[in-house]
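# Examination of the molecular architecture
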Amino acid sequence: MGFPGRVYGWFGDEKVAQSTKINGFPLGIRMELPDGREFVQAKAGTAATLGAGTLVQAPNWAGTAAADTAASQGNLTCASAVVGATSLTITAGGTTAFVKDEFADGYVVVASSAGTGIGHIYKIKLNNSAAAGATCLFKLYENDSVKVAIEGGTTKVGVRTNEYHRVIVMTADTVYTGPPAGVPPVAVSAGFYCWLQRKGVAPLKSGATVLIAGEPVVASTATVAGVGHIMAGSAQVDIKSKVPIGYAMATALSAGFATVFLTLP
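None of these values were measured; they are calculated from a predicted model.

Conventions we followed
Residues numbered from 1 in each chain as written. Predicted model: local features only at pLDDT ≥ 70, side-chain atom pairs only at ≥ 80, totals over all residues. Heavy atoms only, no water. Patch = residues over 30% accessible without salt bridge, like charges linked within 9 Å, V, L, I, M, F, W, Y side chains within 5 Å. Areas by Shrake-Rupley, 256 points an atom, 1.4 Å probe, with all protein chains shown as cover. Salt bridge = Lys/Arg side-chain N within 4 Å of Asp/Glu carboxyl O. Helix = DSSP H or I, 4+ residues; strand = E, 2+ residues; numbered from the N terminus. Contact = heavy atoms within 4.5 Å. Phe/Tyr/Trp six-rings, centres within 6.5 Å; stacked < 30°, edge-to-face > 60°. Buried < 20%, exposed > 50% of the residue type's maximum accessible area, 1.4 Å probe, protein only. Pairing = 2+ DSSP bridges. pLDDT = per-residue confidence, 0-100. Lys, Arg positive; Asp, Glu negative; His and termini not counted.

Moving on: a nonpolar patch on the surface. There is a patch of nonpolar side chains on the surface, built from Val201, Tyr247, Met249 and Phe261 and spanning about 360 Å² of accessible area. In this fold, Met249 is placed in the loop between β17 (246-248) and β18 (257-263).

Shown next as structure tokens:
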């Protein structure tokens, strides 16, 4: 047995932000407050501070700064692994190095169209560093050992960081470059660990349009890290303006902070 999938906190516990993992919990663990509000532990990206009450998203790629297509699409070479193995040796793509523990709490997806063990996903505990094109050791969580042998050289894999690793402010455009991650209840320094709210009553930065009580709200296509109302008619042409992330709890002034009931899963 490992960590539970959910822990229970008291009012104010969600406002912790620090340079190390909070209570040693893994990324993505859920915390529920007595009033039902839910949060997940996340790590802010290294580029900028996250503002309180702003919408943040997963980064647009699952690894280090450069976009390594081989890693994200599942085209990395993996050495042979027997049933029961708790480590995998994976060759970094030709353009991007692997940073030590960058993929901790992330995933290995056996994603190729040929070979053995395909269609499985494994939880990463830690990983070594490796230069571009070099081999890298990935340690799996002990209970999540290899279930179907992996055929070295033939079976290809992909690696992804945890979905709450290096979260960034939600972009102001008409397409998602990463799924919504949640809302920080306090300002979070770059690279710090924090709690992001996923469910329940929360203040959220609003865009230039007035939010109406009871109406669904979506990620704004015009205001960075903000929310707006669902667009109607011919203007409704993008994903962001169609997928609700919650509901307005009161009519809110534009360009302020609205009270929203979040419904992120």
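So that's the structure; there's more coming.
This part takes up the environment of Ala258. Residue position: Ala258 is located in strand β18. The spacing of Ala258 and Tyr122 is 136 residues in sequence and 39 Å in space, taken between C-alpha atoms. What Ala258 contacts, discounting residues up to four positions off in sequence, is Ala202, Pro203, Leu204, Ser206, Leu211 and Ala252.

If you walk through the whole model with that rule in mind, you get four aromatic pairs. Seen from their ring centres, Trp10 and Phe11 are 4.9 Å apart, and the 45 degrees between their planes marks the pair as tilted. When its relative accessible area of 56% is taken as the criterion, Trp10 is described as exposed. Pairing Phe103 with Phe138 gives two aromatic rings, centres 5.8 Å apart and planes at 55 degrees, and the pair type is tilted. Here Phe103, found in the loop between β7 (87-91) and β8 (107-110), pairs with Phe138, found in strand β10 (residues 135-140); they are 35 residues apart in sequence, far enough to count as distant.

What the rule picks out here adds up to nine salt bridges. A salt bridge links Arg37 to Asp35; its shortest N-O distance comes to 2.9 Å. A relative accessible area of 18% places Arg37 in the buried class. Note on Asp35: relative accessible area 46%, which makes it partly exposed.

Read across the sheet, six strands follow the order β6-β11-β8-β9-β10-β7 without closing on themselves; strand pairing throughout is antiparallel. Each edge of the sheet is formed by a strand with only one pairing partner; in this case those strands are β6 (76-77) and β7. Bridging between β8 and strand β11 (residues 156-160) involves four bridges; their strand directions are antiparallel. Paired with Val110 across the strands is Val157, a residue of β11.

Let us now look at the environment of Thr177. Its place among the elements puts Thr177 in the loop between β12 (165-169) and β13 (180-182). Thr177 sits in the partly exposed class, given a relative accessible area of 32%. On a C-alpha basis, the gap between Thr177 and Gln57 in space is 8.3 Å, while along the polypeptide they are 120 residues apart.

Before going further, it helps to spend a moment on the confidence of the model for the protein chain. Per-residue pLDDT for the protein chain averages 88, and the proportion of residues at 70 or more is 91%. Every residue in residues 62-68 scores below 50 in pLDDT, and together they form 19 contacts with partners more than four places removed in sequence or on other chains.

Let's shift gears to the side chain of Lys43. Relative to the assigned elements, Lys43 resides in strand β4 (residues 38-44). No salt bridge forms around the buried Lys43; measuring N to O, its nearest opposite-charge neighbour Glu102 is 6.5 Å away.

On to unusual backbone geometry. Notably, Asn23 is not glycine yet its phi reads approximately 60 degrees, a positive angle. When you line up the elements, Asn23 lands in the loop between β2 (17-18) and β3 (30-32). Assessed through its relative accessible area of 60%, Asn23 is described here as exposed. The phi angle at Arg166 is positive, at roughly 60 degrees, despite the residue not being glycine. Inspection of the secondary structure puts Arg166 in strand β12. For Arg166, a relative accessible area of 26% corresponds to the partly exposed category.

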